[in-house]
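Okay, here's what each chain looks like letter by letter:
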Amino acid sequence: MGNGAGTAGHTALAAWLSLLLVIPCFFLAFLVGEGLVGLLGYPVGTSTRPPLWAGALSTGLALLAFAIPLWPTWHYGRRTRAAGVRTAMLPFVVVVVLVAGFTILNVVPMGQ
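Residues numbered from 1 in each chain as written. Predicted model: local features only at pLDDT ≥ 70, side-chain atom pairs only at ≥ 80, totals over all residues. Heavy atoms only, no water.

S.K.: For this particular structure, what's the right way to read the overall build of the chain?
M.R.: Helix and strand content of the chain: five helices and zero strands. N-terminal to C-terminal, the α/β element order of the chain is α-α-α-α-α. For the chain, whose C-alpha radius of gyration is 18 Å, the value lies well above the compact-globule estimate of 13 Å for 112 residues. C-alpha atoms of the chain, sized along the principal axes, occupy 65 × 25 × 15 Å. Put simply, the chain has 112 residues, and 27% of those count as buried. Sequence-distant contacts, at least 24 apart, represent 72% of the contacts inside the chain between residues at least 6 apart. Surface exposure of the chain reaches about 7200 Å², of which carbon and sulfur atoms provide 73%. (Helix = DSSP H or I, 4+ residues; strand = E, 2+ residues; numbered from the N terminus. Rg over C-alpha atoms; globule rule 2.2 N^0.38 Å. Buried < 20%, exposed > 50% of the residue type's maximum accessible area, 1.4 Å probe, protein only. Contact = heavy atoms within 4.5 Å. Areas by Shrake-Rupley, 256 points an atom, 1.4 Å probe, with all protein chains shown as cover.)

S.K.: I would appreciate a short explanation of the nonpolar core in the present structure.
M.R.: Within the largest apolar cluster, 10 residues are counted, these being Leu19, Val22, Ala29, Ala62, Leu63, Ala65, Phe66, Val95, Val99 and Phe102. Listing elements by their share of this core, those giving two or more residues are helix H2 (22-39), helix H3 (52-66) and helix H5 (90-107). Residue contacts for Val22: discarding those within four places in its chain leaves Phe66, Pro69, Val95 and Leu98. (Core = buried A, V, L, I, M, F, W, Y, C linked by side-chain atoms within 4.5 Å.)

Here it is in structure tokens:
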């Protein structure tokens, strides 16, 4: 048996590849956010705004959809960190920054 270096390399690669989930999750969040408002019967893409509850519901679900990559990057990052790789949590930090930016860009306009 080996020293576990292959396992650390595999989990590190999995953590970095988990970042690719941000792309489909962005589109999923867009579909959930805009689609739910439309399904609730409010116009999408016009100057009229839906009620706060509808906007909050659709925004919250869109944020959850965009945050999906947090779990695999955290999971594989922790496993890689346990194997002794110091930079193992960097993919998780990148996703946290992206999710925080997405959250700010979507929540701040709701208050205006």
